[in-house]
Number of protein chains: 4
Amino acid sequence: MNKVRIGMIGSGYIGRCHAIAYAQAPTVFALKGEIVREMLAEVNPELAAKQAATFGFARSTGDWRELVRDPGIDVVDICAPNFLHKEMALEAIRHGKHVYSEKPLSLSVADAEEMVQAAREAGVKTLVGFNYMKNPTSQLAREIIARGEIGEVVHFYGTHNEDYLAKPETPLDWHCQKALAGLGALGDLAAHIVNMAHYLVGDIAEVSGDMMTVIKQRPDPKDATRLLPVENEDQASALLRFKNGAHGVFETSRIACGSKMGLTYVVTGTKGTLRYTQERMAELELYLHDDPAGRQGFKTILTGPAHPDYANFCVSAGHGIGFNDQKTVEIRDLINGIAAGDRMWPDFAEGLQVQKVLEAVAVSAVERRWMTV
Amino acid sequence: MNKVRIGMIGSGYIGRCHAIAYAQAPTVFALKGEIVREMLAEVNPELAAKQAATFGFARSTGDWRELVRDPGIDVVDICAPNFLHKEMALEAIRHGKHVYSEKPLSLSVADAEEMVQAAREAGVKTLVGFNYMKNPTSQLAREIIARGEIGEVVHFYGTHNEDYLAKPETPLDWHCQKALAGLGALGDLAAHIVNMAHYLVGDIAEVSGDMMTVIKQRPDPKDATRLLPVENEDQASALLRFKNGAHGVFETSRIACGSKMGLTYVVTGTKGTLRYTQERMAELELYLHDDPAGRQGFKTILTGPAHPDYANFCVSAGHGIGFNDQKTVEIRDLINGIAAGDRMWPDFAEGLQVQKVLEAVAVSAVERRWMTV
Amino acid sequence: MNKVRIGMIGSGYIGRCHAIAYAQAPTVFALKGEIVREMLAEVNPELAAKQAATFGFARSTGDWRELVRDPGIDVVDICAPNFLHKEMALEAIRHGKHVYSEKPLSLSVADAEEMVQAAREAGVKTLVGFNYMKNPTSQLAREIIARGEIGEVVHFYGTHNEDYLAKPETPLDWHCQKALAGLGALGDLAAHIVNMAHYLVGDIAEVSGDMMTVIKQRPDPKDATRLLPVENEDQASALLRFKNGAHGVFETSRIACGSKMGLTYVVTGTKGTLRYTQERMAELELYLHDDPAGRQGFKTILTGPAHPDYANFCVSAGHGIGFNDQKTVEIRDLINGIAAGDRMWPDFAEGLQVQKVLEAVAVSAVERRWMTV
Amino acid sequence: MNKVRIGMIGSGYIGRCHAIAYAQAPTVFALKGEIVREMLAEVNPELAAKQAATFGFARSTGDWRELVRDPGIDVVDICAPNFLHKEMALEAIRHGKHVYSEKPLSLSVADAEEMVQAAREAGVKTLVGFNYMKNPTSQLAREIIARGEIGEVVHFYGTHNEDYLAKPETPLDWHCQKALAGLGALGDLAAHIVNMAHYLVGDIAEVSGDMMTVIKQRPDPKDATRLLPVENEDQASALLRFKNGAHGVFETSRIACGSKMGLTYVVTGTKGTLRYTQERMAELELYLHDDPAGRQGFKTILTGPAHPDYANFCVSAGHGIGFNDQKTVEIRDLINGIAAGDRMWPDFAEGLQVQKVLEAVAVSAVERRWMTV
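Thresholds applied
- Residues numbered from 1 in each chain as written.
- Chains lettered and ligands numbered in written order.
- Predicted model: local features only at pLDDT ≥ 70, side-chain atom pairs only at ≥ 80, totals over all residues.
- Heavy atoms only, no water.
- Helix = DSSP H or I, 4+ residues; strand = E, 2+ residues; numbered from the N terminus.
- Rg over C-alpha atoms; globule rule 2.2 N^0.38 Å.
- Buried < 20%, exposed > 50% of the residue type's maximum accessible area, 1.4 Å probe, protein only.
- Contact = heavy atoms within 4.5 Å.
- Pairing = 2+ DSSP bridges.
- Axes fitted to C-alpha atoms, helices over the stretch in contact; angles between N-to-C directions.
- Expected span 1.5 Å × (residues − 1).
- Bend = angle between axes of the 7 residues up to and from the residue.
- Phe/Tyr/Trp six-rings, centres within 6.5 Å; stacked < 30°, edge-to-face > 60°.
- Core = buried A, V, L, I, M, F, W, Y, C linked by side-chain atoms within 4.5 Å.
- Domains from an automatic or database assignment.
- Buried area = accessible area lost by both parts, 1.4 Å probe.
- Salt bridge = Lys/Arg side-chain N within 4 Å of Asp/Glu carboxyl O.
- Polar contact = N/O pair within 3.5 Å; in protein donor to acceptor, adjacent residues only side chain to side chain.
- Nonpolar A, V, L, I, M, F, W, Y, C, P; charged D, E, K, R; others polar.
- UniProt positions renumbered as here; feature names shortened; annotations may be inferred.
- Parallel < 35°, antiparallel > 145°, perpendicular 65-115°, else oblique.
- Left-handed = near helix turned anticlockwise from the far one by under 90°.
- 1 Å grid on protein atoms, 1.4 Å probe; cavity = no way out; pocket = protein on both sides within 12 Å on 5 of 7 lines; lining within 4 Å.
- Points joined across faces, edges and corners; volume = space filled by probe spheres on them.

Chain A carries the name Myo-inositol 2-dehydrogenase in an unreviewed UniProt entry, which gives Pantoea cypripedii as its organism.

Below you can see the structure in the form of structure tokens.
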């Protein structure tokens, strides 16, 4: 079986998730390639060595550039801060590596376009870490829609709300700085719900957006008596028109008190409706309007072995999927994509498409007019 | 005790609710006036007589004009189709009657303005039947907001979705005709959620709307082989800016499969969040961000005697409020308003304000630009 | 139309509910008899007069014996404390009155038997106020079971839990005294769930029970420094065997923190399951095991006009039923039973049957052995 | 770091879960010992070799006896059918191995006692796979109880219901045969809820049980036209008295239509209540009776990094725990127990205690009397 040698850059929050998924994937799935946790890069050699040991990587480096040019690496897995995605991806592509990047793909449409272009020219494969769409429950949602069980989709409402910056006394961090994060809640969170909208309904054609920086200043992390400006939006909303004619709305917030993992969607069709919230990630609610009178209602389907990919984790229904399990499905797609040429999606082109929507919303909000994506 | 003599026009769906509430109210509340079910008007004298007997009215008439000029009537209660609200209200006002009208107040802003003006000049009192805000649970929501328990409101998301026209084979009825209904889902349903937004958050200053007629033709009710055009929107959405600076979104649909009474709201503040759905009208979900770490979460409060107006229906918590109980609270406000001068709200001025928002959304949707309300 | 002249004894908590239902019923239902709120008895003439005025009764008395012998009364409606039910009912029957009594029918099986016997001999009609089974949602549950939609019932789990005595500092009241209340949570609360079990599944044949007085002493209401003994159980549980072979369990508690109206049931059949909680009294959850693989789940049915009696309250589904609406259905049964001979159930015989189950549980708990009902 | 060399017997349903957990654990936790997946035994050498490759074990064998005596094995992990647990464990102990066995520990109390005795005498460590109590959410429940947040526990209601044998046409399998399974739903499912009751409330002292074989015959798996007897119970219930004085009930069923992972509990204390269902394994509902009037209610806590062990899987709250994550916590306990002497629980002594409760329920059901455990 072909080896797929991974070079992972970054080992923080999301890097840790990747590491868990790499460890778990070969036992969960009958992969078409062998995962080799080859090298891990961190900001300095000591941390890199420590994390490599923890996460089971064979080698480590304090210099990501060394990793991307290493001949023993097939895939560069970018778990570094958002502002570095572009530079790292381009450099990896330059060395002919496949690239697996966390979302958002880049800080701007222009950057994303450059990345898509580079990957295309180099003929390397790409994958972006929109892991929520890999959840068997959301795969089921797509299957139900694709089979026409809810008729033609006429409306989409989606959110990705969290509350990690709800307290005004939380010090400023990179999320709030344009140079490091680009957009605020739109880039960090809404990227997921836009990708989900694409996955479930199709491409978005036009948007009318609004956004707001609620907490305009935050304490300097180095000196709490000093306030620094928050440079991007805490919350945003947008009216959507999909290419297929459906209408919709998405909302996002990083100050939505109480939303811990508030990716939610309601997809309304001409014959039925789906409802979902990521905080109950093993449940999909399905309503069918043709059910007999007096027996209509939303049915709560617990994800189980009758649904995509679930049986690999557990053969009994309702036993539960976890956050890292989604990433494990994503890793399966990565490995099978690289080792066996299976379709890898969402790729950089989708990452760019998401970026276009987000940027259109941001521009629309400033210019206060509808924008074509 | 002062008598408040009611003349009710119309005895269909909502007339029946009024009748139940009139019957119930004096037992539920210690009213400041005595309700006298004096006269009922229907489209013909036979039906009027039959319905008067059923609903406990002393007299009846087949001519609403007779009712509005009857000296034995203090309040004209308009439960007639929307397109008649204006004419009936103006005529009632001309005869010096107080007017209690069902929503929407009128088919247009211009009409509503005329009605507000007439009532003001005549010095009569007015009330509009936005009954959902009378629910003790929503009164509790307002109380929590007013006390600052969730901090300053920064976001509102509201819906009023139903599915009564979800089937394309449902014949065309008055809801779908501009001359009879004015707006579609906006007028019939969103009026409630706009009023609720006003009640909970404050006035709306600007909107950017979108709308869609999904089912463009429906069978002629008299000849199912013939299709007639649907003249107004099946669904609509709007971005909102409130006068106090909060942002928001509302959505409405009459084809939202599975939504039977889909008035819902999420009000996000700087310190907490409220969530509500009318389908669980005795529950309010409250999240407070300052709860201790590890003990945060949405708390489901069951409405009970500690909350406004509930104890009048039942002295034990969680025993349940019904649809008609809201109308009974509204009747209490009507009677106490007229008999004792208590504040009656939402009045025609609020009905007009709601109409302005709805019309702004509709115009915005057509002109594809932000509108000031 | 025949008049049905009501004499109501007691106007506290539940008397108030009756009064609201009497007021509402003629507007809600096309009754077969005319309700006449004829006379109200209370513990003294002043209170009686005041409450009669409030609740719309024509006459009043401070002596219930006067009421039960009054020739202008057809039905004696007993809303007095439990320990008085027997004496009042027997006296009413002696004067040839129909009797509508609140639950529990009596403090003991022996008393209930005497009451059933007396009513039978006098040929009067009886009704016991087990109002929860009148809820359209529970009527729907019965309909689903009766139609065999969930197959043969094999298991019943039911509770009636509340928390009105959860605080040890709550002073002793009549609920805690054998002479006034008889049983504790069993008599006050479990009576409802036993009736519901009878209604949904059938008669209970054998029980094995357990019970516990958790808070053994409570403050004297007249002198908080003194503690008085609690004489009956705070919580109880029982294994059940139904006559039809199904097994089951019921539980009850008056100290179940957080249960405000904790009447709940799960009825499991060979082909499906029903779940219900009174705190969401307009929702029934239905699971059908023959649903296709991958589309199984509990469906939340919102009660609506397709279900029994709902349309009388509102013609749109999901708009909500309240606590008093159940009592209104019960009043409909009372009036139609007396005026037109319609079936009135649950009658005293059912009240006795419930009492037999409760007493068997209590004896079983003391003697620690299975009891035949 | 000490190596802990695992010999796993069996690689079916639960063996697969163990394998996933072994793979994941070193990345998730900073273990105190190194997991070595040394040897896997299956019923024949070919299957053993295949599964060893799939699950990452170095060696394999078709003879479990070879595995238990292999000097390269430190821990024997028994994922074989229940009827083999005893023989395998005793043989492993005889060779001085630590034993990690799936539940139920054995088919009878006598067997379990022999196993406990043998392990004690040999001085080996033991662990039983009651994985549900390892869920961070149930660990949180225990923490809340232990801290006295809900006061003194006065009541426990628990279930473990599933529906894997709900269809009468499902052929007979080992679950239904006494020689292979011992008890039915009690042994297969209730073992978990009894362990959970022990974990959350304490030891059970007395029981009164009932049980029922609903589907008395099932098709022969080899010849569907022939029916074979079901030898053990499909459903069972028991009244419980805990040593600390609390009362309770547990129920179990393998034919409970709609319950896919129906381990649930409600723990009622003198000051509050906890509610939990495994189908929403990342949510705990907490009610505190001392909350202010009008602000009482069940709070839904989403498990997060403030709770035990969660942060190892993900550093953001509400992102979700999966079924296999519980097993991963269990593996952590196993490794740290063996490598570093940390407490390993539930051990064989607890497995025996669970067995004693289950057997007491079964005997009680037959003899129809209370049993002391």
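What follows picks up the thread again.
1. Considerations on the overall build of chain A
What chain A contains, in helices and strands, is 10 helices and 17 strands. Over its C-alpha trace chain A gives a radius of gyration of 21 Å, about what one expects of a compact globule, namely 21 Å for 373 residues. Judged by the C-alpha coordinates and their principal axes, chain A covers about 65 × 55 × 40 Å. Looking at chain A as a whole, 68% of its 373 residues qualify as buried. Considering only residue pairs separated by 6 or more positions, chain A has 69% of its internal contacts joining residues 24 or more positions apart.

2. Remarks on the sheet that holds strand 4 (residues 75–78) of chain C
Sheet strands line up and pair through hydrogen bonds in the backbone, either parallel or antiparallel. Residue and element names in this part refer to chain C. Spatially, 6 strands are ordered 3-2-1-4-5-6 in an open sheet, and the strand pairing comes out parallel. The sheet is open, and its two edges are formed by strand 3 (59–61) and strand 6 (126–128), each paired on a single side. On average, each strand axis in the sheet is tilted by 20° relative to the strand beside it, whichever way the strands run. Two strands pair when backbone bridges link them, and strand 4 and strand 5 (residues 98–101) are joined in this way by 4 bridges, in the parallel orientation. If you follow V76 over to strand 5, its bridge partner there is V99. Here helix 10 (residues 348–367) sits on the sheet and contacts strand 5 and strand 6; the angle it forms with strand 6, its principal contact strand, is near 40°.

3. Some details on helix 1 (residues 13–28) of chain D
Count 3.6 residues to each turn of an α-helix, and residues three or four apart come out pointing the same way. All names here are of chain D. The terminal C-alpha atoms of helix 1, which comprises 16 residues, lie 22 Å apart, in line with the 22 Å expected from a rise of 1.5 Å per residue. Along helix 1, the sharpest change in direction is near 25° and occurs at Y22; proline P26 comes one to four residues later. Counting buried positions along helix 1 yields 14 of 16 residues, so the element is predominantly enclosed.

4. A closer look at the packing of aromatic side chains
Residues and elements named next belong to chain A. Overall, the coordinates contain 30 aromatic pairs over all chains when judged by the stated rule. Seen in terms of ring centroids, F156 and F242 are 6.0 Å apart; in terms of plane orientation they differ by 75°. Their pairing is edge-to-face. Here the residue F156 occupies a position in strand 7 (residues 153–161), and F242 occupies one in strand 11 (residues 235–242), the gap between them amounting to 86 residues. Residue classification places F156 among the buried residues on the basis of a relative accessible area of 0%.

5. Structural notes on the nonpolar core
Formed by 219 residues in total, the largest nonpolar core has its most connected members in F250 and L334 of chain A together with F250 and L334 of chain D. Residues in contact with F250 of chain D, not counting those within four places in the same chain, are G158, L186, A190, I193, V194, A236, S237, A238, L240, V357, L358 and V361 of chain D. Counting residues in hydrophobic clusters, the runner-up holds 217 residues, among them V76, I145 and I331 of chain B together with Y199 of chain C.

6. Re the domain arrangement of chain A
Interfaces are often sized by the accessible area lost when the parts come together. Residues and elements named next belong to chain A. You can read the domains of chain A as domain 1 (3–128) and domain 2 (136–280 + 282–319 + 348–367). Once you take the C-alpha centre of each, domain 1 and domain 2 turn out to be 25 Å apart. Between domain 1 and domain 2 lies a buried interface of about 1800 Å² when both sides are counted; carbon and sulfur atoms form 69% of it. Put simply, domain 1 and domain 2 have 1 salt bridge between them. Residues K103 and D188 are paired through a salt bridge, measuring 3.6 Å at the closest nitrogen-oxygen approach. Summed over the shared surface of domain 1 and domain 2, the number is 4 residue pairs in polar contact (both at pLDDT 80 or more). Secondary-structure elements contributing two or more residues to the side of domain 1 that touches domain 2 are helix 1 (13–28), helix 4 (82–94), strand 5 (98–101), helix 5 (109–122) and strand 6 (126–128). Top element by residues in the side of domain 1 that touches domain 2 is helix 5. It accounts for 6 residues. Class assignment for the residues of the side of domain 1 that touches domain 2 results in 16 nonpolar, 6 polar and 2 charged.

7. Quick notes on the UniProt feature "domain: GFO/IDH/MocA-like oxidoreductase" (unreviewed entry) in chain A
As recorded in UniProt, the feature "domain: GFO/IDH/MocA-like oxidoreductase" (unreviewed entry) lies at residues 139–275 of chain A. End-to-end, the C-alpha atoms of residues 139–275 of chain A are 13 Å apart, and along that stretch the chain is 20% helix and 41% strand.

8. Focus on the interface of chain B and chain C
The interface of chain B with chain C comprises 36 residues on the first partner and 36 residues on the second. Across the chain B/chain C interface, buried area totals approximately 2900 Å², and carbon plus sulfur atoms make up 53% of it. Our enumeration of links across chain B and chain C arrives at 2 salt bridges. Put simply, E283 of chain B and R280 of chain C hold a salt bridge, and the shortest N to O gap is 2.6 Å. Secondary-structure elements contributing two or more residues to the side of chain B that touches chain C are helix 1 (13–28), helix 2 (45–55) and helix 9 (323–340) of chain B.

9. Points about the packing of helix 4 of chain A against helix 5 of chain A
All names here are of chain A. Two elements in contact, helix 4 and helix 5, have axes separated by 10 Å at closest approach and are oriented at 10°. Judged by the inter-axis angle, helix 4 sits roughly parallel to helix 5. In the packing of helix 4 onto helix 5, the handedness of the crossing is left-handed. Across the interface between the two elements, H85, K86, A89, L90 and I93 from helix 4 touch D111, E114, M115, A118, A119 and A122 from helix 5. Among the residues making up the contact of helix 4 with helix 5, the classes are represented as 7 nonpolar, 1 polar and 3 charged.

10. Points about the sheet that holds strand 3 (residues 59–61) of chain A
All names here are of chain A. Reading across the sheet, the 6 strands line up as 3-2-1-4-5-6 and stay open at both edges, with parallel pairing between neighbours. Unpaired on one side and paired on the other, strand 3 and strand 6 mark the two borders of the sheet. Taking each pair of neighbouring strands and ignoring which way they run, the sheet shows an average axis angle of 20°. Pairing of strand 1 (residues 2–9) with strand 2 (residues 33–41), which is carried by 8 bridges, proceeds in the parallel orientation. Opposite I9, over in strand 2, you have A41 as the bridge partner.

11. Some details on empty space enclosed by the protein
One water molecule sets the probe size; rolling that probe over the atoms shows where empty space is left. Within this structure, the stated rule accounts for 10 cavities of 30 Å³ or more. Looking at the largest cavity, its volume works out to about 190 Å³. In terms of lining residues, the largest cavity is bounded by 22 residues, among which E279, R280 and M281 of chain B together with M281 and A282 of chain C are the most central. Class assignment for the residues of the lining of the largest cavity results in 8 nonpolar, 8 polar and 6 charged. By volume, the second largest cavity is sized at about 160 Å³. Forming the boundary of the second largest cavity are 16 residues, of which E279, R280 and M281 of chain A together with M281 and A282 of chain D lie nearest the centre. A per-class count over the lining of the second largest cavity returns 6 nonpolar, 4 polar and 6 charged.

12. As for the interface of chain A and chain B
Counting residues at the interface gives 41 residues for chain A and 41 residues for chain B. Across the chain A to chain B interface the summed buried area is about 3400 Å²; carbon plus sulfur atoms make up 53%. Its largest share of buried area at the contact with chain B, chain A owes to C257, H289 and R368 of chain A, together 19% of the area lost on that side. Two residues, E206 of chain B and R368 of chain A, come together in a salt bridge whose shortest N-O distance is 2.4 Å. Linking chain A with chain B are 19 residue pairs in polar contact (both at pLDDT 80 or more), by the criterion used here. For the side of chain A that touches chain B, the secondary-structure elements that each account for two or more residues are strand 7, strand 8 (204–212), strand 11, strand 12 (247–253), strand 13 (262–269) and strand 14 (272–277) of chain A. Class assignment for the residues of the side of chain A that touches chain B results in 16 nonpolar, 15 polar and 10 charged.

13. Some points on the UniProt feature "domain: Gfo/Idh/MocA-like oxidoreductase N-terminal" (unreviewed entry) in chain A
Sites flagged by UniProt as "domain: Gfo/Idh/MocA-like oxidoreductase N-terminal" (unreviewed entry) map to residues 4–130 of chain A. Here residues 4–130 of chain A runs as 47% helix and 23% strand, with 21 Å between its end C-alpha atoms.

14. Quick look at the pairing of strand 14 (residues 272–277) of chain B
All names here are of chain B. Relative to strand 14, strand 13 (residues 262–269) runs antiparallel, the two sharing 5 bridges. Paired with T268 across the strands is T273, a residue of strand 14. Where strand 14 and strand 15 (residues 283–288) come together, 4 bridges link them in antiparallel fashion. Looking at the pairing, R275 lines up with E285 of strand 15. Between strand 14 and strand 15, which pair antiparallel in sequence order, lie 5 residues.

15. Focus on the pattern of salt bridges
Going through the model one piece at a time under the given rule, you end up with 120 salt bridges over all chains. Measuring nitrogen to oxygen at the nearest pair gives 3.0 Å for the salt bridge that ties R59 of chain A to E38 of chain A. Here the residue R59 of chain A occupies a position in strand 3, and E38 of chain A occupies one in strand 2, the gap between them amounting to 21 residues. Across the pair R254 of chain C and D234 of chain C runs a salt bridge, and its minimum N-O distance is 2.9 Å. With R254 of chain C in the loop between strand 12 (247–253) and strand 13 (262–269) and D234 of chain C in the loop between strand 10 (223–229) and strand 11 (235–242), the pair connects residues that are 20 residues apart, well separated along the chain. Relative accessible area serves as the criterion here: at 0%, D234 of chain C is assigned to the buried category.

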